[in-house]
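A closer look at the structure
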Amino acid sequence: MTPSLLILTDFFRAADQALAYATNLAGPLGARLVLLHVRRDSLLDPEMFTGELSNLSKEATALALSRVADDLAVPVVVEIGHGRVAFAVADAVSRHHPLLVVLGRPDYSGTPDQLVQTTALDILRTAPYPMLIVPHTVASNAVPRRVLLAVDGEDFTLGLHAGAIRQLVRMLGVELTVLHVAPDSAAAVSEEEVLNSVRRTGVEIDLPAPLRFRRTVAARPADGILQLAQARDTDLVVLLARPRSFWGKLFHNSVTAEVLLHSTVPVLVIPTIA
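Scope of this entry: the structure provided in the associated data block. (Residues numbered from 1 in each chain as written. Predicted model: local features only at pLDDT ≥ 70, side-chain atom pairs only at ≥ 80, totals over all residues. Heavy atoms only, no water.)

1. Examining the pairing of strand E5 (residues 131-135)
Cut-off, in case you're wondering: Residue burial is assigned from relative accessible area. The probe radius is 1.4 Å, only protein chains are included, and a residue is buried under 20% of its type maximum, exposed over 50%, and partly exposed in between. Starting at the N terminus, helices and strands are each numbered in turn, a helix being any DSSP run of H or I of at least four residues and a strand any DSSP run of E of at least two. At least two DSSP bridges between two strands are needed for those strands to be called paired.
Of all five residues making up E5, five are buried, and the element is well covered by its neighbours. By the alternation rule, side chains of E5 split into Met131, Ile133 and Pro135 and Leu132 and Val134, which are all buried. Relative to E5, strand E4 (residues 100-105) runs parallel, the two sharing five bridges. Looking across to E5, one finds that Val102 is bridged to Leu132.

Right, here's the structure in full:
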């Protein structure tokens, strides 16, 4: 079965950037693109009244999708969904089983974090699935090679997503650095314990280089992750979204949400089952 990447588009700048990034990923993965536009006509949509939604007619939407698809250098399937994005994504995922869901992150610089209701967070709450968020400011669409995986040292399981994630890192041939952020040096988990929590998932199998390890001390984990994400030797940040992080409290206060909102490099969020 040909692997696929599910791309959300609303024809705005952030979506165009995400599409360009995903197109370059599709080449080495041998993947096709599933280009999904959702006509967000649900009154429950958190952005319905913000003016940030595309208001193209059905005919104009179909024409725009066709033009976008014709310009792509990889195989592509186009689809139009309706209602809330999270539900449309869940439906498309159930039929296409993509490696990833890909979407762009718009410019939220003028909006307080606590007021931001992003599509990414809604999807994670409603239909958890590996999701790549591409900031609208990303300057390069090069395939990511230097990947920073942020972990807390506790065991985790990738469940149904394990095979897809292993396939992704293997086919891209990434250099994987495991990052552990500790509140202070005394509370730091040992390097071996942190690395073993990753090795037990099998994600490092067949990688071109052994796992690397980095530790930083920060009172707030998101600050430590964002600091290293801005380094020139990081192309992609990978976060683990544990169920408790988006069900046990308001998600916008979580480490995952903060990194998603402020990272200058693409962020891959992988829901875990532990």
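There's plenty left to go through after this.
2. Focus on helix H6 (residues 191-199)
Heads up, the rule is: What the arc describes is the spread of directions from the helix axis to the C-beta atoms. Any two residues whose heavy atoms approach within 4.5 Å are treated as being in contact.
Residues of H6 that are buried include every one of Val194, Leu195, Ser197 and Val198, and no others. Angularly, the buried residues of H6 cover 150° about the axis, an arc narrow enough to put them on a single face. Next to the buried residues of H6 lie strand E6 (146-151), strand E7 (175-182) and strand E8 (212-217).

3. As for the pairing of strand E1 (residues 4-8)
Note the threshold: For a crossover, the right-handed case is the one in which the path from the first strand over the helix to the second runs clockwise, viewed with the strands pointing away from the viewer.
Along E1, five of the five residues are buried, which leaves the element largely enclosed by surrounding structure. Burial along E1 is two-sided: Ser4, Leu6 and Leu8 and Leu5 and Ile7, pointing in opposite directions, are all buried. For E1 and strand E2 (residues 32-39), the ladder comprises five bridges, and the chain directions are parallel. The residue bridging Ile7 from the neighbouring strand is Leu35, located in E2. One crossover worth recording links E1 to the parallel E2 by way of helix H1 (residues 13-29), and it is right-handed. In terms of strand pairing, E1 meets E4 through three bridges, oriented parallel. The partner of Leu6 across the bridge, within E4, is Val101.

4. Thoughts on empty space enclosed by the protein
Test applied: Here the term cavity refers to a set of points on a 1 Å grid, laid over the protein atoms alone, in which a 1.4 Å probe fits but cannot get out; the term pocket refers to an open set having protein on both sides within 12 Å along at least five of seven lines, with lining residues being those that place an atom within 4 Å of a point. Grid points are joined across faces, edges and corners, and a volume is the space filled by probe spheres set on the points.
Scanning all chains against the criterion turns up two cavities of 30 Å³ or more. Counted as a void, the largest cavity has a volume near 200 Å³. Considering the residues around the largest cavity, the lining is formed by 22 residues, among which Ile165, Val169, Val238, Leu268 and Ile270 are closest to the centre. Of all the elements in the fold, those that place two or more residues in the lining of the largest cavity are H1, E6, helix H5 (162-172), strand E9 (236-241) and strand E10 (267-271). Sort the elements by how many residues they give to the lining of the largest cavity and H5 lands first, with four residues.

5. Section: the environment of Gln230
Within the fold, Gln230 resides in the loop between helix H7 (221-229) and E9. Each C-alpha atom of the pair Gln230 and Val265 lies 7.3 Å from the other, and the pair is 35 residues apart in sequence.

6. Here we look at the packing of H7 against helix H9 (residues 255-262)
Our working rule: Fitted lines through C-alpha atoms give the axes, limited to the stretch in contact for helices. The angle between two N-to-C directions lies from 0 to 180 degrees. The sense of a crossing depends on the near helix, which, turned anticlockwise from the far helix by less than a right angle, makes the crossing left-handed and, turned clockwise, makes it right-handed.
The contact between H7 and H9 brings their axes to 9 Å, and the two run at 35°. Here H7 and H9 pass one another in a crossing that is right-handed. Residues Pro221, Ala222, Asp223, Ile225 and Leu226 of H7 form the contact with H9, whose participating residues are Val255, Glu258, Val259 and His262.

7. Topic: the nonpolar core
To be explicit about the condition: The set of buried Ala, Val, Leu, Ile, Met, Phe, Trp, Tyr and Cys residues whose side-chain atoms join them within 4.5 Å is what this entry labels a nonpolar core.
Grouped together as the largest cluster of nonpolar side chains are 49 residues, with contacts concentrated most on Leu5, Leu33 and Leu132. The element best represented in this core is H1, accounting for seven residues. Once residues lying within four places of it in the same chain are set aside, the contact partners of Leu132 are Tyr21, Leu25, Leu100, Val101, Val102, Leu103, Leu236, Pro266, Val267 and Leu268. Val38, Leu148, Ile225 and Ala241 belong to the second largest nonpolar core, which has 39 residues in total.

8. A word on the packing of H1 against H5
Short version of the rule: If an angle is under 35 degrees, it is roughly parallel; if it is over 145, roughly antiparallel; if it lies from 65 to 115, roughly perpendicular; otherwise it is oblique. For this scheme, ten residues count as nonpolar: Ala, Val, Leu, Ile, Met, Phe, Trp, Tyr, Cys and Pro. Four count as charged, namely Asp, Glu, Lys and Arg, and the remainder, Gly too, count as polar.
It is the contact of H1 with H5, at a shortest axis distance of 9 Å, that shows an interaxial angle of 85°. The angle between H1 and H5 falls in the class roughly perpendicular. Within the contact between the two elements, H1 uses Leu25, Pro28 and Leu29 and H5 uses Leu168, Met171 and Leu172. Tallied by class, the residues present in the contact of H1 with H5 amount to six nonpolar, no polar and no charged.

9. Re helix H3 (residues 85-96)
Rules: The length a helix should cover is 1.5 Å for every residue beyond the first.
In this model H3 runs 16 Å from its N-terminal to its C-terminal C-alpha over 12 residues, within 8% of the 16 Å that 1.5 Å per residue would give. All buried positions along H3 are accounted for by Val85, Ala86, Ala88, Val89, Ala92, Val93 and His96. Angularly, the buried residues of H3 cover 160° about the axis, an arc narrow enough to put them on a single face. Where H3 is buried, its residues touch E1, E2, strand E3 (76-82), E4 and helix H4 (119-126).

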